[in-house]
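# Survey of secondary and tertiary structure
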Amino acid sequence: MHIVLLGAPGTGKGTQAQFISKEYNIPIISTGQILRNISKETTNLGKKINKIITNGKLVSDEIIIEIIKNHILQHKCKNGFILDGFPRTIVQAKYLKSIGIKIDYIFEFILPKNIILERIKQRKIDPKTGLTCKNLINFNKSSNNNPENTKKLQTRSDDRDEIVQKRLQEYEKNFVHLKKFYIKEFKNKNLEYYEINNLNEIKNINTKIKKIIKKYQNI
Ligand code: ADP
């Protein structure tokens, strides 16, 4: 099963990706996460990517396609995968199609801009895993309320307000074309396209996604 999650930064793609991954035993390929890992390296590529991410820009299609190609090939993607953060441009979408990957479902996460900004402001990451901690309450639970662990949480360098605004602009600019491309694919019955209102509770959204997938698996 090949699933693509679309949606602006901070709309909750990563959270749902983790649920879907566990439920269907398919790996998540998160390009943001992969790029953040590379950006920590002291190589030329690492430095280059770090600069791009911290400025809220997109990494070039050539670089990201090379990375994604290796991941799809190397990852244990026998049962499929969940793409979080890819494709982000029309060139990337066309690339995916050109290598013969049949996308089954696209879930587009939708959230009003003011809520996105609010959620990103509160977002913290665990520096060890790079994973987002939804909020401190959740993190405290998983770290047994150890204040030392909570202190270690970090804010993503690109989650500063002015950079978030830039990322949102960048997203909107590309998304118009991306959505047009995939709606056409949907109309041609090549894939299923669903809009997901992420104002709903995390659990409810997960249930909704599972219901959608079940519906088609039963056909
Ligand atoms: P968000 O969805 O919150 O913006 P991500 O973790 O998905 O965060 O991505 C972080 C950054 O990584 C992006 O702002 C961009 O610079 C880079 N990036 C991630 N995926 C892609 C992609 N498919 N193409 C180009 N750049 C990407």
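Described in the following lines is the structure provided in the data block. (Residues numbered from 1 in each chain as written. Predicted model: local features only at pLDDT ≥ 70, side-chain atom pairs only at ≥ 80, totals over all residues. Heavy atoms only, no water.)

Here we take up the overall build of the protein. Across its full length, the protein holds ten helices and seven strands. By residue count, 45% of the 219 residues in the protein fall in the buried class. At a minimum sequence separation of 6, the contacts of the protein that also span at least 24 residues come to 73%. Accessible surface, the protein as shown: approximately 12600 Å² in total, 53% of it carbon and sulfur. (Helix = DSSP H or I, 4+ residues; strand = E, 2+ residues; numbered from the N terminus. Buried < 20%, exposed > 50% of the residue type's maximum accessible area, 1.4 Å probe, protein only. Contact = heavy atoms within 4.5 Å. Areas by Shrake-Rupley, 256 points an atom, 1.4 Å probe, with all protein chains shown as cover.)

Turning to the site of the ligand, a few remarks are in order. Around the ligand sit 20 residues, and of these Thr 31, Arg 36, Lys 57, Gly 85 and Arg 167 come closest. Arg 36 places a side-chain nitrogen or oxygen 2.9 Å from an oxygen atom of the ligand. Protein burial of the ligand: of its 540 Å² of free accessible surface, 96% is covered by the chains. Among the elements that take part in the shell around the ligand, helix 2 (residues 31-39) stands out by supplying four residues, more than any other. Of the residues contributing to the shell around the ligand, the split by class is seven nonpolar, five polar and eight charged. (Near = heavy atom within 4 Å. Polar contact = N/O pair within 3.5 Å; in protein donor to acceptor, adjacent residues only side chain to side chain. Nonpolar A, V, L, I, M, F, W, Y, C, P; charged D, E, K, R; others polar.)

Turning our attention to the sheet that holds strand 7 (residues 192-197). If you walk across this open sheet you meet the five strands as 2-3-1-4-7, and the pairing is parallel. Edge positions in the open sheet fall to strand 2 (28-30) and strand 7, since each of these has one partner strand only. Each adjacent strand pair in this sheet contributes to an overall mean axis angle of 20 degrees, direction not counted. Alignment of strand 2 against strand 3 (residues 81-84), held across three bridges, turns out to be parallel. (Pairing = 2+ DSSP bridges. Axes fitted to C-alpha atoms, helices over the stretch in contact; angles between N-to-C directions.)

Attention now moves to the pattern of salt bridges. Per the stated rule, a full pass over the model turns up twelve salt bridges. Close ionic contact of Lys 69 with Glu 66 constitutes a salt bridge, the shortest N to O distance being 3.5 Å. Separated by three residues within a single helix, Lys 69 and Glu 66 lie in helix 4 (residues 61-74), roughly one turn from each other. We classify Lys 69 as partly exposed; its relative accessible area is 32%. (Salt bridge = Lys/Arg side-chain N within 4 Å of Asp/Glu carboxyl O.)

Within the structure shown, the criterion is met by four aromatic pairs. Ring plane angle 35 degrees and centroid distance 6.4 Å describe the contact between Phe 107 and Tyr 194, whose orientation is recorded as tilted. You can see Phe 107 sitting in strand 4 (residues 105-110) and its partner Tyr 194 sitting in strand 7, a full 87 residues away along the chain. For the residue pair Phe 107 and Tyr 194, the accessibility class agrees, reading buried in each case. Measuring from centroid to centroid gives 5.1 Å for Tyr 171 and Phe 175, while their planes differ by 15 degrees, and the two rings are stacked. Here the residue Tyr 171 and the residue Phe 175 both occupy positions in helix 9 (residues 161-187), the gap between them amounting to four residues, near one helical turn. Just as Tyr 171 is buried, Phe 175 falls in that class too. Taken together through their ring pairs, the aromatic side chains of Tyr 105, Phe 107 and Tyr 194 make up a single cluster. (Phe/Tyr/Trp six-rings, centres within 6.5 Å; stacked < 30°, edge-to-face > 60°.)

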